[in-house]
Amino acid sequence: MRLDKPIGTWLLAWPCFWSIALAAPPGALPDLRMLALFGTGAVLLRGAGCTVNDLWDRDLDKQVERTRGRPLAAGLISPAQAVAFLGAQLLAGLGVLLQLNWYSQVLGASSLALVATYPLMKRITGWPQAYLGLTYNWGAMLGYAAVTGQCDWAVVAPLYLAGVSWTLVYDTIYAHQARLDKEDDVKAGIRSTALTFGQRNKQYMAAFWAANLGLLGLAGYNAGCGLPYAAGLAAASGHLAWQLGTADLDSRPDCWAKFASNTWTGAFLFAGIVADRLLA
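Remember, predicted model here, so these are calculated numbers, not experimental data.

Visitor: Looking at this structure, how should I read the packing of helix α5 (residues 102–109) against helix α8 (residues 139–148)?
Guide: Packed helices, taken two at a time, are described by their axes: the angle between them and the distance between them. Relative to each other, α5 and α8 sit at 165°, their axes nearing to 8 Å. With respect to α8, the element α5 is oriented roughly antiparallel. The crossing of α5 and α8 is left-handed. Seen from α5, the contacting residues are Tyr 103, Ser 104, Leu 107 and Gly 108; seen from α8, they are Met 141, Leu 142, Ala 145 and Ala 146. Each residue belonging to the contact of α5 with α8 can be placed in one class, and the counts come to six nonpolar, two polar and no charged.

This is the structure in structure tokens:
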């Protein structure tokens, strides 16, 4: 479940929290019960995603130095044991999903196809981070629907696409750790945007940063947000720009540090949304 690396859970949770907060009525805090449910769901779904990933990649992981110690690749557990654990994770996740309205149940269940197939993308496309973005930011729609019973697409569509753009920045930075194992990855047939973008990595990531900024601005405008939201967006966007400006893409520790710092990017935007709703 990678509980020792909670950043993956935070990155899954923040889009949910943003949309829950945006769905709050003027003068109110976000629904605390929904925040708790989605926080629990993020832990469970991220864990299930790791299990699925390790099942798909157990043979690939044996060929790459940084992943040889994973339980399946190292032979510490069997595939049958991993499948049983996955079943338990999904059952617990179903318990969370059933607390939501029917619209959200259908919307939430529809994301499982993305979760199940994401690990295949690194084998067939040089853009697996884009597919991860589609998967990891589903909560940008689901959180709003859980509060209101429907999606306001003028708000959640740009919010979702902004999340995808954000993922293309932070996970490309993360993927540079793999790029430093290029020989292992090429041998194993592992692809990533870090390899696809080549010498133009920062230019591509800057374009996705700009897309993230514009789309978050559009989502906030369509939701009727004001200055507190703009302040939160400025802080989040500034933090992401700092990552791009200072990341040493040839340093594994620095790539990890910049990737892990994205919990603050999400937190800055969430704080801006909460303040905006309270002061509306």
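Visitor: Would you take a moment to explain the packing of aromatic side chains for this structure?
Guide: We describe a pair of aromatic rings using the distance from one ring centre to the other and the angle between the two ring planes. For the structure on display, the rule yields 18 aromatic pairs. Ring geometry for Trp 14 against Phe 17: centres 5.7 Å apart, planes inclined by 90°, an arrangement best described as edge-to-face. Taken together, the residues span about one helical turn, with Trp 14 and Phe 17 both in helix α1 (residues 7–22) at a distance of three residues. For the pair shown, Trp 14 and Phe 17 are each scored as buried. Taking 6.2 Å as the distance between ring centres and 85° as the angle between the ring planes, the aromatic pair formed by Trp 127 and Phe 208 counts as edge-to-face. One end of the pair, Trp 127, is in the loop between α6 (112–124) and α7 (128–136); the other, Phe 208, is in helix α12 (residues 201–222), with 81 residues separating them in the sequence. Through a chain of ring-to-ring contacts, the aromatic side chains of Trp 18, Trp 166, Tyr 170, Tyr 174, Trp 256 and Phe 259 assemble into a single cluster.

Visitor: Explanation requested: the side chain of Ser 237 in the structure shown.
Guide: Looking at the element boundaries, Ser 237 is found in helix α13 (residues 227–246). Judged by relative accessible area, which is 6%, Ser 237 ranks as buried. Excluding its chain neighbours within four sequence positions, the residues that come into contact with Ser 237 are Trp 209 and Leu 213.

Visitor: Help me understand the packing of α6 against α7, please; the structure alone is not making it clear to me.
Guide: Between α6 and α7, the shortest axis-to-axis distance is 9 Å and the interhelical angle comes to 170°. Here α6 lies roughly antiparallel to α7, going by the angle between them. Residues Ala 113, Leu 114, Val 115, Thr 117, Tyr 118, Met 121 and Lys 122 of α6 form the contact with α7, whose own contacting residues are Pro 128, Tyr 131, Leu 132, Leu 134 and Thr 135. Of the residues belonging to the contact of α6 with α7, the class tally is nine nonpolar, two polar and one charged.

Visitor: What's the story with a nonpolar patch on the surface in this structure? I'm lost.
Guide: The grouping of Leu 29, Leu 278 and Leu 279 at the surface amounts to a nonpolar patch, some 310 Å² of accessible area in total. Locating Leu 279 in the fold gives a position in helix α15 (residues 262–279). Classification of Leu 279 as exposed rests on a relative accessible area of 66%.

Visitor: For this particular structure, what's the right way to read the pattern of salt bridges?
Guide: Pairs can form between side chains of opposite charge whenever their charged atoms are close. Counting across every chain of the model gives two salt bridges. Taking the shortest distance from any N to any O, the salt bridge between Lys 258 and Asp 254 comes out at 2.8 Å. With Lys 258 and Asp 254 both in helix α14 (residues 252–260), this residue pair falls four residues apart, about one helical turn. We note that Lys 258, like Asp 254, is buried. Among the salt bridges present, the one from Asp 276 reaches Arg 277, with a minimum N-O distance of 3.5 Å.

Rules used in this analysis
- Residues numbered from 1 in each chain as written.
- Predicted model: local features only at pLDDT ≥ 70, side-chain atom pairs only at ≥ 80, totals over all residues.
- Heavy atoms only, no water.
- Axes fitted to C-alpha atoms, helices over the stretch in contact; angles between N-to-C directions.
- Helix = DSSP H or I, 4+ residues; strand = E, 2+ residues; numbered from the N terminus.
- Parallel < 35°, antiparallel > 145°, perpendicular 65-115°, else oblique.
- Left-handed = near helix turned anticlockwise from the far one by under 90°.
- Contact = heavy atoms within 4.5 Å.
- Nonpolar A, V, L, I, M, F, W, Y, C, P; charged D, E, K, R; others polar.
- Phe/Tyr/Trp six-rings, centres within 6.5 Å; stacked < 30°, edge-to-face > 60°.
- Buried < 20%, exposed > 50% of the residue type's maximum accessible area, 1.4 Å probe, protein only.
- Patch = residues over 30% accessible without salt bridge, like charges linked within 9 Å, V, L, I, M, F, W, Y side chains within 5 Å.
- Areas by Shrake-Rupley, 256 points an atom, 1.4 Å probe, with all protein chains shown as cover.
- Salt bridge = Lys/Arg side-chain N within 4 Å of Asp/Glu carboxyl O.

Keep in mind these numbers describe shape, not what the thing actually does.
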